[in-house]
Amino acid sequence: MLDIKFIRENPDVVKQALAARKNDADIDALLALDTARRAAITEVEELKSSRNSASKTIGGLMKEGKKAEAEAAKEEVRRIGDRIAVLDEQVRELDEKMLQTLLFIPNLPRPCVPVGKDETDNVVVRTFGEPKKFDFEIKPHWDICEALKLVDFERGTKITGAGFPVYTGQGARLQRALIQFMLDLHTTEHGYTEIEPPFVCNAAAMTGTGQLPKFAEDMYHINLDQLYPVPTAEVPLTNLYADEIMDIDRPVKITAYTPCFRREAGAAGRDTRGLLRLHQFDKVELVNFVKPEDSEKQHEILVREAEKVLQKLGLHYRVIELCTADIGFSAAKCYDLELWAPGVQKWLEVSSVSNFWDYQARRARIRCRDANGRPQFVHTLNGSGVALPRLVVALLENNQNADGTVTIPEALRPALGGLEKLG
RNA sequence: GGAGAGGUGGCAGAGCGGUUUAAUGCGCCGGUCUUGAAAACCGGAGAGCCGAAAGGUUCCGGGGGUUCGAAUCCCUCCCUCUCCGCCA
């Protein structure tokens, strides 16, 4: 959520930033609500002030036994009370309208974010490794999965539906090993505290991080209990500190594995084959809470931490900086990590590393204290560290051998009991 | 699921219609003392909103009601704890 004070004082900056990300929010209408709200508050508070002092006077009169005078005063105060009730209701309605407007306005991209018209204007920041050369005919991952019986695509549709993969045998074990490998890396080398959160969250949490109310259609919803299966661990992890004043002399860094559930509304028919786009997938997520002055520096550290996973696995990847038109709703700045998958001949997004500035913190009321001890909103950051299915795709397609086996990267073998090859 | 108890500042815990401007303790910050620290003593400090400021206003789990006036009385919902039931 944006700061209404900032919008009031910098309407043109806000309009320009929103235009850069192709958002058409009506800022002038919002500011009109703001003006009306403040006028109503000023009026009602003056009335409340006079009611309060009059009530004190009545208390005194009652004690002195001046019944008649007290009754006259009561009548006067009752009229003030009626007027207050009307104005209070007005303020409540204006508050609600403003909130509903603000909840649908996205974050402002930082000035440093490249301006663009769509994803083709994203910028490649750096590239790691080289595309691998093969001296045999390589297979796409779905053929490898079938040959080595890593995923049972057929039976999965029977129990749930398309997009809910059933990993089997070494495929299932590979999932578990990757989760362990990533959690161990981040906790032992990057200073993260491991969390195992609930896999469902309530509407307040979903609103805190920005999934609700705008993206309700992208989420599964357990109607009977008003709970949402998490679309990312970002939701439970970030909201862990909702309504708190945090002590963050140094960044608070937490990580968790969760399955992620996404309806992928609007993406029907895209990437239907294999593991490229799923309704349920596994992910290890990294979440940071930092003081405002530290967030830009910490964002660079965070993206390096996510990259470390790919480097250790020896995969060819690139870091993309998203342009203003492609950046996520809640993000102020965002890097994506993309793996090269030679079988499908595509760059695959396996991580999104975002700086949310104070946008989520304001929605979820996560604060810390500034140098003077005054409360201020923290900055939140998060990054996938990383999402599994596309990582598996890249591992299988890059490490496949002519004999149909797949070589396990050195770094991953301990988590697989020393296994060197799949198949 | 049933019965009972309870939700008050960072924590503990009083208050149960009108000097509550929410006592008190612990913890926290500053100071005195000390070579330094601890202890002791003195002082300070809740959050949101409106306001340039002075100041005002709201907040005792959420919502609603009674009243001139509600932390305090009533209704309702939520949550926590204890016991019972069921159970991995």
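Nothing here was measured: the structure is a model prediction, and the numbers come from that model.

Novice: Before we go on, may I ask you to explain the overall build of chain A in this structure?
Specialist: Helices and strands together make up the secondary structure of chain A, namely twelve helices and 14 strands. Along the first, second and third principal axes, the C-alpha atoms of chain A reach 105 × 45 × 40 Å. Put simply, chain A has 423 residues, and 47% of those count as buried. Counting only contacts in chain A whose residues sit at least 6 apart along the sequence, the fraction spanning at least 24 positions is 73%. Carbon and sulfur atoms provide 50% of the accessible area of chain A, an area that totals close to 20,700 Å². Averaging the coordinates of the 56 positive side-chain charges in chain A and doing the same for the 64 negative ones gives two points 2 Å apart.

Novice: Help me out: how do you make sense of the state of the cysteines in this one?
Specialist: Two cysteines joined by a covalent bond between their sulfur atoms form a disulfide. According to the stated counting rule, one finds zero disulfides in the structure shown. As a non-bridged cysteine, Cys 112 has Cys 334 as the owner of its nearest cysteine sulfur, 12 Å distant. Here Cys 112 falls in the partly exposed class, since its relative accessible area comes to 43%.

Novice: Would you explain the packing of helix α7 (residues 170-189) against helix α10 (residues 295-312) in this entry?
Specialist: Working note: a packed helix pair is described by the angle between its axes plus the distance between those axes. Close contact between α7 and α10 brings their axes to 11 Å; oriented N to C, the two are set at 125 degrees. Relative to α10, α7 is oriented oblique. Considering how the two elements wind past one another, α7 and α10 form a crossing that is right-handed. Only Glu 305, Lys 308, Val 309 and Lys 312 of α10 make contact with α7, whose side of the interface consists of Phe 181, Met 182, Leu 185, His 186 and Glu 189. Classifying every residue of the contact of α7 with α10 gives four nonpolar, one polar and four charged.

Novice: Which parts of the structure should I look at to understand helix α4 (residues 67-102)?
Specialist: Each α-helix turn comprises 3.6 residues. Residues three or four places apart therefore point the same way. Relative to the 52 Å expected for 36 residues at 1.5 Å per residue, α4 spans 51 Å between its end C-alpha atoms, a close match to the ideal helical length. Taken residue by residue, α4 has Ala 70, Val 77, Ile 80, Gly 81, Ile 84, Leu 87, Val 91, Leu 94, Met 98 and Leu 102 as its buried positions.

Novice: When you look at the side chain of His 190 in this model, what are you seeing that I'm missing?
Specialist: Summarising the element assignment, His 190 is placed in the loop between α7 and β2 (193-195). At a separation of 3.1 Å, a polar atom in the side chain of His 190 contacts the side chain of His 186. Setting aside residues up to four positions removed in sequence, His 190 forms contacts with Leu 185, Lys 253, Glu 305 and Lys 308.

Novice: Sorry if this is basic, but what is going on with unusual backbone geometry here?
Specialist: Backbone geometry follows two general trends: most residues other than glycine have a negative phi, and most peptide bonds adopt the trans configuration. Cis geometry is found at the peptide bond from Leu 212 to Pro 213, where omega equals 0 degrees. Mapping Pro 213 onto the fold places it in the loop between α8 (203-209) and β4 (228-229). The amide bond that connects Gly 385 to the next residue, Val 386, takes the cis arrangement and shows omega of 0 degrees. For Val 386, the position within the fold is in strand β12 (residues 379-387). The phi dihedral of Asp 243 falls on the positive side, at around 65 degrees, and the residue is not glycine. The phi torsion at Gln 345 lies on the positive side, around 55 degrees, for a residue other than glycine. Note on placement: Gln 345 falls in the loop between β8 (333-341) and β9 (346-355). Judged by relative accessible area, Gln 345 falls into the exposed class, the value being 53%.

Novice: Where do I start with the domain arrangement of chain A in this structure?
Specialist: Many analyses report the size of an interface as the accessible area lost when the parts associate. Annotation of chain A at the domain level lists domain 1 (4-103) and domain 2 (119-422). The distance between the C-alpha centroids of domain 1 and domain 2 comes to 44 Å. Each side of the interface is counted separately: domain 1 has four residues, and domain 2 has ten residues. Across the domain 1 to domain 2 interface the summed buried area is about 590 Å²; carbon plus sulfur atoms make up 50%. Broken down residue by residue, the surface that domain 1 buries against domain 2 is led by Ala 20, Arg 21 and Leu 103, which jointly contribute 82%. Summed over the shared surface of domain 1 and domain 2, the result is zero salt bridges.

About the criteria used
Just so you know, the residues in each chain are numbered from 1, in the order the chain's sequence is written. Think of it this way: whatever chain is written first is A, whatever ligand is written first is 1, and the rest follow in order. With pLDDT at 70 or above as the cut-off, local features in this predicted model cover only qualifying residues; side-chain atom pairs require 80 or more to be listed or tallied, and sums for whole chains, interfaces and linings still use all residues. Note that the side-chain values use all heavy atoms of the structure and ignore hydrogens as well as water. The helix count covers DSSP runs of H or I at least four residues long, the strand count covers runs of E at least two residues long, and both are numbered beginning at the N terminus. A simple rule labels every residue: compare its accessible area, found with a 1.4 Å probe on the protein chains alone, to the largest value its type can have, and call it buried under 20%, exposed over 50%, or partly exposed in between. By the convention used here, residues are in contact when the closest approach between their heavy atoms is within 4.5 Å. For the accessible areas, the method is Shrake-Rupley and the probe is 1.4 Å, while residue cover comes only from the protein chains on display. Residues scored as positive are Lys and Arg, those scored as negative are Asp and Glu, and His as well as the terminal groups of each chain are ignored. For charged residues, the charge sits on one atom: NZ in Lys, CZ in Arg, CG in Asp, CD in Glu. Note on terminology: disulfide denotes any pair of cysteine sulfur atoms within 2.5 Å. For every element, the axis is a line fit to its C-alpha atoms; helices are fit only across the contacting stretch, and the angle between N-to-C directions ranges from 0 to 180 degrees. The cut-offs work like this: below 35 degrees is roughly parallel, past 145 is roughly antiparallel, 65 to 115 is roughly perpendicular, and the gaps in between are oblique. Two helices crossing with the near one rotated counterclockwise from the far one by less than a right angle form a left-handed crossing, whereas a clockwise rotation gives a right-handed crossing. Each residue is assigned to one of three groups, with Ala, Val, Leu, Ile, Met, Phe, Trp, Tyr, Cys and Pro labelled nonpolar, Asp, Glu, Lys and Arg labelled charged, and all others, Gly among them, labelled polar. Given a helix with a known number of residues, its expected span is that number minus one, times 1.5 Å. Here a polar contact is recorded for every N or O atom pair within 3.5 Å, except that within protein the pair must consist of a potential hydrogen donor and a potential acceptor, and residues adjacent in sequence are included only if both atoms are side-chain atoms. In this entry, domain limits derive from an automatic or database-based domain assignment. Defined here as a combined quantity, buried area equals the accessible surface (1.4 Å probe) lost by two parts on assembly, summed across both. For salt bridges, the criterion is a side-chain nitrogen of Lys or Arg within 4 Å of an Asp or Glu carboxyl oxygen.

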